[in-house]
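Residues per chain are reported as follows:
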Amino acid sequence: EADIYQTPRYLVIGTGKKITLECSQTMGHDKMYWYQQDPGMELHLIHYSYGVNSTEKGDLSSESTVSRIRTEHFPLTLESARPSHTSQYLCASSEGRGGNQPQHFGDGTRLSIL
Amino acid sequence: GQSLEQPSEVTAVEGAIVQINCTYQTSGFYGLSWYQQHDGGAPTFLSYNALDGLEETGRFSSFLSRSDSYGYLLLQELQMKDSASYFCAAPTDKLIFGTGTRLQVFP
């Protein structure tokens with residue numbers, strides 16, 4: 001039973017389109033994250049948030065932006081999609097601000113930009 | 001910089017024991033986590049070592065040595081369903097993931 005939801009599950013879209021990937025969690029977690037992962041490769045942190053109105057850039061440079069207006073919602077937006085954005089995007093959340101809390105992942109969005 | 005290095009691939013047969021190593025270089029080290037990810041799936045949390053030594057959870061055990069900046073995940077009585085990618089991860093102010101190890105279990 002998933003407590004963190006990502007939509008859409010798959011998206012194929014043309015270059016130049018604006019895209020918003022949705023992520024919601026029902027666990028009341030403060031911390032939320034976005035990762036980018038190519039098949040068989042490591043996870044790269046692109047954005048994270050400690051709570052409402054808090055957003056930080058991760059280790060991997062990304063042309064995307066995020067917002068955190070509500071605790072449960074952490075959408076990621078690409079203003080103008082490019083083929084280089086083709087990848088899997090994983091959203092995660094964890095309880096509290098302690099670094100040792102396990103992260104709970106959504107099923108991911110597989111994005112293909114034509 | 002911060003990095004966690006793992007072997008890219010490990011193979012084994014059903015019923016065997018396999019060890020997946022992780023060497024790390026991080027600042028503000030709190031402990032070491034392990035995650036499992038099946039092809040097409042999401043990573044799932046397996047274990048966390050805050051202290052040196054061995055932590056056992058069923059068929060899986062995880063070990064940490066802070067003095068050696070080293071840890072490993074030990075999988076016993078391997079099953080086909082254990083074929084997946086395994087990531088070590090170190091929490092800092094966020095979570096830094098390792099390079100990942102793909103485990104293939106053969107019958």
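Okay, so let's go over this structure. The shown structure was predicted, so the numbers you read here are calculated from the model rather than taken from an experiment.

**So, the overall build of chain B**
- Per the secondary structure count, chain B includes zero helices and 11 strands.
- Along chain B, helices and strands appear, N-terminal first, in the series β-β-β-β-β-β-β-β-β-β-β.
- A globule of 107 residues ought to have a C-alpha radius of gyration of about 13 Å, and chain B, at 13 Å, matches this closely.
- Counting only C-alpha atoms and orienting by the principal axes, one finds that chain B spans roughly 40 × 30 × 20 Å.
- In chain B, buried positions account for 49% of the 107 residues.

**Considerations on the pattern of salt bridges**
- Using the criterion set out here, one finds six salt bridges over all chains in the structure.
- Two residues, K18(A) and E79(A), come together in a salt bridge whose shortest N-O distance is 4.0 Å. Separated by 61 residues along the polypeptide, K18(A) in the loop between strand 2 (10–13) and strand 3 (19–25) and E79(A) in the loop between strand 8 (76–78) and strand 9 (87–94) bring together distant segments of the chain.
- On the accessibility criterion, K18(A) (55% relative accessible area) is exposed.
- R102(B) is the partner of D39(B) in a salt bridge, and the nearest nitrogen-oxygen pair spans 2.8 Å. With D39(B) in the loop between strand 4 (32–37) and strand 5 (44–49) and R102(B) in strand 11 (residues 101–106), this pair connects stretches of sequence that are 63 residues apart.

**Observations concerning the packing of aromatic side chains**
- Tallying each qualifying case throughout the model produces 11 aromatic pairs over all chains.
- Arranged with centres 6.4 Å apart and planes meeting at 85°, the rings of F87(B) and F97(B) form a pair that is edge-to-face. Here F97(B) lies in strand 10 (residues 95–97) and F87(B) lies in strand 9 (residues 84–91), a separation of 10 residues in the sequence.
- You can call F87(B) buried: its relative accessible area is 2%.
- Aromatic ring contacts, followed pair by pair, group Y33(A), Y35(A), F105(A), Y35(B), F45(B), F87(B) and F97(B) into a single cluster.
- When the ring centre of F74(A) is taken as reference, the NZ or CZ atom of R68(A) above it lies at 5.8 Å.

**Notes on the sheet that holds strand 8 (residues 70–75) of chain B**
Residue and element names in this part refer to chain B.
- Pairing is antiparallel in the open sheet, where five strands are placed in the order 1-3-8-7-6. Strands with a single pairing partner mark the edges of an open sheet, and in this sheet they are strand 1 (3–5) and strand 6 (53–57). Strand-to-strand twist of the sheet, defined as the mean angle between neighbouring strand axes without regard to direction, takes the value 20°.
- Bridge count between strand 7 (residues 60–65) and strand 8: six bridges; the pairing is antiparallel. Following the sheet pairing, S61 is matched in strand 8 by L74.

**Observations regarding the state of the cysteines**
- Tallying each qualifying case throughout the model produces two disulfides over all chains.
- Bridging C23(A) to C91(A), the disulfide has an S-S length of 1.9 Å. Residues C23(A) and C91(A) are joined through a disulfide that is left-handed, its torsion about the S-S bond being -75°. Taken together, the positions of C23(A) in strand 3 and C91(A) in strand 9 put the pair 68 residues apart, joining distant regions of the chain. By the burial criterion, C23(A) is buried, and C91(A) matches it.
- In this model C22(B) forms its disulfide with C88(B); the gap between the sulfur atoms is 2.1 Å. Its S-S torsion of approximately 70° makes the covalent link between C22(B) and C88(B) right-handed. Of this pair, C22(B) sits in strand 3 (residues 18–25) while C88(B) is found in strand 9, placing the two residues 66 residues apart along the sequence. No difference in accessibility class separates C22(B) from C88(B), as the two residues are buried.

**Side note on the sheet that holds strand 1 (residues 4–7) of chain A**
- Taking strand neighbours across the sheet as the criterion, the four strands line up as 1-3-8-7 (chain A) in an open arrangement whose pairing is antiparallel. Edge positions in the sheet fall to strand 1 and strand 7 (65–66) of chain A, since each has one partner strand and no second.

What counts and how
Residues numbered from 1 in each chain as written. Chains lettered and ligands numbered in written order. Predicted model: local features only at pLDDT ≥ 70, side-chain atom pairs only at ≥ 80, totals over all residues. Heavy atoms only, no water. Helix = DSSP H or I, 4+ residues; strand = E, 2+ residues; numbered from the N terminus. Rg over C-alpha atoms; globule rule 2.2 N^0.38 Å. Buried < 20%, exposed > 50% of the residue type's maximum accessible area, 1.4 Å probe, protein only. Salt bridge = Lys/Arg side-chain N within 4 Å of Asp/Glu carboxyl O. Phe/Tyr/Trp six-rings, centres within 6.5 Å; stacked < 30°, edge-to-face > 60°. Lys NZ or Arg CZ within 6 Å of the ring centre and 35° of its normal. Pairing = 2+ DSSP bridges. Axes fitted to C-alpha atoms, helices over the stretch in contact; angles between N-to-C directions. Disulfide = S-S within 2.5 Å.

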